[in-house]
Every structure is written in C-alpha cells, then in structure tokens.
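Residue-level structural notes
Each chain, written out:
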Amino acid sequence: MKSIVCIKRVPDSEARIRIAGDGRSIDPSGVKHVMNPYDEVALEEALRLKEAAGEGSVTVVSVGPEASKEILRTALAMGADEAVLLQCAGSPDGLAIARALAAEIGGRERDLVLFGKQAIDDDNMQVPAMVAELLHLPCATVVVELEIADGHVVARREVEGGHEVIEFDLPAVVSAQKGLNEPRYPSLRGIMAAKKKPLEVKEVELRESKVEILSLEEPPARESGDVVGEGAEAVPELVRRLRERALL
Amino acid sequence: MPQGRVLAFAESRDGALRPVAREAVTAGRELAEALGSPVDAFLLGPPGIAREAAALGAYGADRIFVAENDAFVNYAPDASLRLCAEILGRETYSAIIFPASAQGKDLAPRAAAMLDRGLATEVTGLGAEDGVPVAVRPVYAGKAIARVTFTDLPALISVRPNVFRAEKRPGEGLVESVEVAPEPSSQRVKGIETGERETLDVSEATVVVSGGRGMKGPENWAVLEDLVDALGEHATLGASRAVVDAGWRPHGEQVGQTGKVVSPTLYFAIGISGAIQHLAGMRTAKTIVAINKDPDAPIFQIADLGIVGDLFEVVPALAAEIRRVHAES
Ligand SMILES: Cc1cc2nc3c(=O)[nH]c(=O)nc-3n(C[C@@H](O)[C@H](O)[C@H](O)COP(=O)(O)OP(=O)(O)OC[C@H]3O[C@@H](n4cnc5c(N)ncnc54)[C@H](O)[C@@H]3O)c2cc1C
Ligand SMILES: Cc1cc2nc3c(=O)[nH]c(=O)nc-3n(C[C@H](O)[C@H](O)[C@H](O)COP(=O)(O)OP(=O)(O)OC[C@H]3O[C@@H](n4cnc5c(N)ncnc54)[C@H](O)[C@@H]3O)c2cc1C
C-alpha cells in the first residue's frame with residue numbers, strides 16, 4: 001500500500017489571532033504552529049494501512065514556507081517514510097495549492113492520497129476534492145470509516161443525520177474526519193529515526209490566486225448579555241425574555 | 001467583466017428537496033439583486049423531482065434545470081458536474097452558489113477544479129462591487145472575518161446553512177428538463193445509513209440544545225432530550241467535544257472547531273464551560289442561552305441570556321415552563 005498524505009502547517013487552535021498591519025493577513029509573530037489536527041488523522045490512517053498490509057510506503061507532502069519542515073519532521077517521527085516540502089511564497093488560494101499538490105502527486109506512484117477534511121486556519125475544506133478532480137481520481141470526503149480490500153474501497157462519510165456509504169477502486173482520494181482513528185504520538189525512537197529519513201525541498205511557483213482577500217477583520221464583538229437569575233426560580237424570567245425575542 | 005446570471009445548486013436527497021436548496025436559491029437571489037441579474041437553479045433527482053423543483057420558483061428561481069434519473073436518488077457528484085457544465089454552456093453566469101452542506105462541500109471544490117475558478121466556502125454574507133461578487137467568510141474558526149472577491153467569473157460560493165433564511169417572493173419559475181447520464185462515474189454512492197431514529201442534523205436545526213461535561217454522564221441525556229421535545233420539531237441535540245471524546249455522545253453532534261459550525265436562531269449551552277474551540281462552532285448563533293453552575297464560566301461572556309444554577313434543576317423546570325406557555329397560547 002503506497003500512500004501520500006498532504007499535511008498543512010496551521011496556527012494552534014488556542015492561538016490568539018491578530019490582524020496584521022496590511023489588514024489582509026494575520027500577524028504571525030508569537031503564534032505557535034502545529035500540524036493540522038485532521039491531517040494527523042489522515043497520516044495515522046496511512047500508517048495503519050501500511051502496517052496492516054505489511055508493505056508499502058507513506059510519503060508526506062506540504063506546500064508552505066520553510067518553517068513547514070517542522071511538521072514534516074513530526075510526520076516522519078510518527079512513522080512516515082519520506083517527506084517533500086513544496087516551498088513557495090506568494091498568496092495562494094485553495095485551487096493554487098491543489099494544483100501544486102496535484103502536479104507533485106501526479107508524478108508519483110500511489111494507491112491512496114489522504115488529506116485532512118479541513119485546515120483549521122483558512123477553513124476552506126476544498127483542497128482534497130480539487131486534487132481528486134484535477135487527477136481524475138474517485139474521492140470521498142469527510143470519511144469516518146474506511147475499508148479497503150483487493151483494491152476496492154468502501155468509505156463512510158459524515159453527512160447530515162447519518163453516514164453516506166460510497167464505493168470506488170484504488171487509486172483514490174480520501175479526506176479524513178475525526179473519529180476515523182486516534183492518531184499516535186511520535187515515540188522517542190521515532191523522533192531519532194526521523195533524523196535519518198529523507199526530507200526533500202522543492203521550490204515551486206504557485207499559480208496566481210483566483211480568490212482575492214480584500215480585507216480581514218475581527219469579528220463583531222458579542223456583547224455579554226444578562227444573567228437573568230439563579231436556579232430554577234429564574235426559569236419563568238428566562239422564558240419571558242425568550243418570548244419577548246419571539247424565540248419560543 | 002461580462003454580466004451574467006446567478007446559478008444555485010438545489011440539493012435533494014431521496015427524491016426530496018432539502019431545506020438548504022431553498023436557502024441556496026435565496027442567497028443566489030440576494031446576490032443576483034446586487035448584480036442586477038436573474039437567478040436560476042439546478043438539481044438532480046429520481047423521476048418526479050421536477051414537480052418539487054417548481055416550488056423553487058417561489059424563492060426566486062427564474063429557470064430551474066432538472067435532471068431526472070433513478071440513479072439520482074443518491075448524491076451523484078460526476079453527473080452533477082456534467083449537468084453544471086451543460087448549463088454553463090447555455091448561459092453566461094457570474095456566480096454559482098452551493099449550500100455548505102455535506103453534499104455542497106463535496107461538490108463545490110470539484111466544480112471549481114473542473115471550471116478552473118476560485119471558490120469561497122462557508123460564506124455568511126454576499127454582495128457585489130463593480131459587477132463582481134464579494135463574499136464574507138469566517139476564517140481561523142471565526143476569530144477573523146475575511147472579505148474576498150474573484151479574479152474570474154463565475155465565482156463559486158458555498159453558503160453556510162441557516163444564515164440565508166429561505167424567503168418566498170411572488171413569481172414562478174420555469175422548469176426545464178435536461179438529460180444527464182449517471183455514468184461514467186468513478187465512485188458510487190450506495191445510500192445513507194441513519195441511526196435508530198433519523199434526527200435533525202445539528203448544523204441545520206434552528207434550535208440547538210448542547211450538553212457538556214456538566215451533564216455528568218450519558219445516562220443523564222434524557223433531561224436534554226426532554227427539553228428538545230418541548231422546544232419542538234426544529235430543535236435538536238448538540239454536544240461539546242469533552243462529552244464526545246468521553247464517548248457519551250456521537251461525533252456527529254459535536255459543535256466547535258473540530259466539530260460542526262452551527263448558526264441556529266437559538267443555542268442552549270448546558271453544562272458547557274465555553275472553551276474557545278467550542279465558541280468557534282456556535283458564536284454566530286442569533287441568541288445564546290447558557291446554563292452553568294459556575295458564574296465565572298467563560299460561556300457567560302458571550303451568552304445573551306443565562307441562568308447560574310444546577311442544570312439538573314434548571315433544565316427540567318425550563319422544559320416544563322416552555323410546555324406551560326405553549327399550552328396557554
Ligand atoms: C501568505 C498567504 C496568502 C494567502 N492568500 C490567499 C488569497 O489571496 N486567497 C485565498 O483564497 N487564500 C489565500 N490564502 C489561504 C490559502 O492559501 C489556503 O490555505 C488555501 O486556500 C487552502 O485552503 P485551506 O488551507 O483552508 O485548506 P482546506 O481545503 O481546508 O484543507 C483540507 C486539507 O487539504 C490539505 N492541505 C491544505 N493546504 C495544504 C498545504 N498547503 N499543503 C499540503 N496540504 C494541504 C490538508 O490535508 C488539509 O487538511 C493565503 C495564505 C497565506 C499563507
Ligand atoms: C485542537 C482542539 C480542538 C477542539 N475542538 C473542540 C470542539 O470542536 N468542540 C468543543 O466543544 N471543544 C473542542 N475542544 C476542547 C475544548 O478545549 C474544551 O476542552 C471542551 O469544549 C470542554 O467541554 P465542556 O465545556 O463540556 O467541559 P468543561 O470545560 O469541563 O466544562 C463543564 C462545565 O459544566 C459546568 N457544570 C458542571 N456541573 C454542572 C451542573 N450540575 N449544572 C450546571 N453546570 C455544571 C461547569 O461549571 C463547567 O463550566 C478542542 C480542543 C483542542 C485542543
């Protein structure tokens with residue numbers, strides 16, 4: 001089983017987000033970055049598939065700045081065999097990222113291309129299905145269960161009120177939802193071994209963005225409201241206030 | 001740029017239009033008004049869906065393109081793309097609107113790659129400048145709001161459920177049937193497995209009752225189910241990650257940064273502290289009600305209304321009071 005896992009470097013979910021002086025991006029200073037949490041799930045799935053098959057490889061690919069080497073090393077420490085950084089500058093949109101990934105992945109042997117379902121910073125939830133379309137591969141997004149036998153895949157993806165069952169043959173694209181598995185932590189041995197694994201850096205020219213960011217603003221502050229009272233005695237007042245707002 | 005029409009994807013499931021279909025058409029109409037152009041809709045479904053499709057006229061759809069086939073009882077991504085391409089061959093469009101539903105979030109990026117156009121997802125506001133759509137979308141889990149525009153048209157946009165409320169207007173739509181083959185298709189959708197009872201999804205409900213670790217254990221959820229029941233058919237359950245991770249509730253109910261993003265009219269946070277990752281999923285709710293025994297819980301900082309107290313006393317009293325006032329009116 002040969003898998004390629006696409007991983008993105010994102011600000012930690014606890015990070016305080018400050019808008020930069022240009023009013024169109026965020027100020028990166030002092031922000032701690034991590035591997036996108038859904039990408040850990042995707043990577044874990046690839047590692048388990050390789051372990052179960054007893055053969056194969058796991059390649060991790062990231063598009064981003066030099067600092068993205070850090071998450072690639074984490075991926076190697078978790079058990080990936082090799083890493084590729086597509087180093088770039090500029091303002092890419094999802095499609096530009098997808099094109100860069102598709103160009104790299106298209107030239108490689110692979111049975112499965114795995115993604116996280118969504119990057120927790122830009123929240124676009126678009127790169128995986130774009131890559132699938134660009135490579136003309138079958139695709140299941142937001143997958144919570146994956147069964148693979150003899151090159152045939154049965155995937156269950158999260159939809160409103162249930163799980164959609166979708167079937168296709170390898171090679172294919174899958175994006176991982178939480179719950180698919182519980183990602184492992186890198187072991188000390190893994191961290192040591194990672195130092196000897198290949199991490200290739202390629203400079204890439206990204207295509208111009210078709211989605212242009214005009215401005216970035218802080219969300220309108222939500223004013224803290226009223227505590228109408230304490231305990232069950234406060235209930236009639238709460239219900240009155242809700243009815244006043246035509247909510248009941 | 002050439003002025004075009006707006007096209008909305010009207011999602012169906014099991015031969016019925018989904019509520020987000022009407023929302024996509026309503027959002028499309030809002031944008032079309034800003035652009036000064038008409039809005040059309042397209043959908044796929046099993047034979048008979050065309051009759052339902054006509055109802056979209058009341059939400060502003062001028063022309064409704066329908067592809068009927070038994071195979072379209074399930075989501076059919078490849079056929080949906082073929083229908084979309086066929087319509088784009090007939091008319092000039094400035095924008096294509098999808099619902100940011102499970103189907104829409106899967107289909108819109110495929111369409112963007114096929115058409116080589118930009119996509120803005122989970123959009124919460126729409127307008128136009130100089131004939132080009134401008135979309136507003138939360139990023140960084142709602143910690144910032146981006147305004148984006150597009151260098152090429154049509155612009156692809158998916159709209160967050162419950163934000164653009166479906167709104168009727170006088171007028172009728174013209175239904176046009178279009179032949180689309182279900183094959184070839186590289187993936188086959190077999191159907192949807194639902195739990196014992198099909199519940200309203202937390203991302204689409206207009207009232208959400210979410211429980212957190214303060215619920216103490218899964219055996220206590222009857223208290224929240226009873227409140228949902230008192231609130232009526234548009235209400236459903238949600239959960240914090242703490243209770244999902246503990247295995248008390250299914251992941252499908254999780255609200256937050258790594259769960260679902262919801263924008264209901266009314267959100268109850270019960271026994272939930274209000275961690276930043278939880279707020280990321282519900283801060284755009286119209287009204288937030290918090291019930292928590294800790295007066296310093298951060299949830300009170302964003303709640304519109306709150307009660308400090310033991311949820312096991314407050315919630316049953318609340319369900320009873322709601323039933324009482326409903327019975328009176
Ligand atoms: C300096 C800068 C400027 C930008 N300018 C623009 C702009 O002008 N317009 C605009 O629309 N956006 C812009 N962006 C954001 C844009 O690059 C998004 O990252 C891109 O749209 C992808 O969307 P997403 O990250 O939300 O990915 P999603 O589609 O949510 O990601 C899903 C999955 O795809 C994979 N993936 C995503 N990104 C990568 C990656 N880089 N490498 C490897 N795998 C990946 C991961 O597996 C991830 O879990 C800018 C970002 C930066 C840093
Ligand atoms: C990467 C990442 C992603 C995350 N994503 C999410 C996410 O998507 N969604 C999410 O929810 N969290 C998420 N979290 C977790 C988040 O940080 C919090 O840990 C979680 O939201 C806490 O859940 P809680 O409020 O139920 O529990 P707690 O924080 O333990 O709060 C329980 C509350 O119940 C109250 N309480 C206790 N007993 C009673 C009683 N009898 N009556 C009334 N009140 C009572 C307490 O006062 C307390 O405020 C994420 C964390 C990380 C690091």
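None of the values given here were measured: they were computed from a predicted structure.

Quick look at the packing of aromatic side chains now. All names here are of chain B. As enumerated under the stated definition, the model contains 3 aromatic pairs over all chains in all. Measuring from centroid to centroid gives 5.2 Å for Phe9 and Phe42, while their planes differ by 55 degrees, and the two rings are tilted. Remark: Phe42 occurs in strand S4 (residues 39-45) and Phe9 occurs in strand S1 (residues 5-9); sequence separation between them is 33 residues. Across the pair, Phe42 and Phe9 agree in class, each one buried. Measuring from centroid to centroid gives 6.0 Å for Phe9 and Phe98, while their planes differ by 40 degrees, and the two rings are tilted.

Turning our attention to the site of ligand 2. Lining the immediate environment of ligand 2, one finds 27 residues, of which Ser240(B), Thr258(B), Ser273(B), Gln277(B) and Asn292(B) sit closest. The site occupied by ligand 2 is bordered by residues of chains A and B. In the model, a nitrogen atom of ligand 2 is placed 2.8 Å from a nitrogen or oxygen of the Val255(B) main chain. Contacts to ligand 2 include Gln277(B), whose side-chain N or O atom sits 2.7 Å from an oxygen atom. Of all the secondary structure elements, the ones that give two or more residues to the shell around ligand 2 are helix H6 (241-245), helix H7 (276-282) and helix H9 (311-328) of chain B. Among the residues forming the shell around ligand 2, the class breakdown is 6 nonpolar, 15 polar and 6 charged.

On to the site of ligand 1, then. Residue and element names in this part refer to chain A. Close contacts around ligand 1 come from 29 residues, with Cys6, Lys8, Asp39, Met125 and Val211 the closest. In this structure, an oxygen atom belonging to ligand 1 sits 3.3 Å away from a main-chain N or O atom of Asp123. Val211 places a polar main-chain atom, nitrogen or oxygen, 2.6 Å from a nitrogen atom of ligand 1. Elements that contribute at least two residues to the shell around ligand 1 include exactly strand S4 (57-64), helix H3 (94-106), strand S6 (112-116), helix H4 (127-135) and strand S12 (211-217). Along the lines of polarity and charge, the residues of the shell around ligand 1 split into 14 nonpolar, 10 polar and 5 charged.

What counts as what
Starting from 1, residues in each chain are numbered consecutively following that chain's sequence as written. Chains carry letters and ligands carry numbers; both start at the beginning, A for chains and 1 for ligands, and go up in the order they are written. Under the rules for a predicted model, residues below a pLDDT of 70 receive no local features and side-chain atom pairs below 80 are neither given nor counted, while totals for whole chains, interfaces and linings still include all residues. As a convention, hydrogens and water are excluded, and side-chain values are obtained from all of the structure's heavy atoms. Aromatic pairs are defined between Phe, Tyr and Trp rings, using the six-membered ring for Trp, whenever the two ring centres lie within 6.5 Å; interplanar angles under 30 degrees are classed as stacked, those over 60 as edge-to-face, and all others as tilted. Here a helix means four or more residues in a row that DSSP labels H or I, a strand means two or more in a row labelled E, and each is numbered from the N terminus. For the exposure calls, accessible area comes from a 1.4 Å probe over protein chains only, and a residue counts as buried if that area is under 20% of its type's maximum, exposed if over 50%, partly exposed in between. To be near a molecule or strand, a residue needs just one of its heavy atoms within 4 Å of it. Polar contacts here mean pairs of N or O atoms no more than 3.5 Å apart (in protein, one a potential hydrogen donor and the other a potential acceptor; neighbouring residues in sequence count only if both atoms are side-chain atoms). We call Asp, Glu, Lys and Arg charged. Ala, Val, Leu, Ile, Met, Phe, Trp, Tyr, Cys and Pro are nonpolar, and the rest, Gly among them, are polar.

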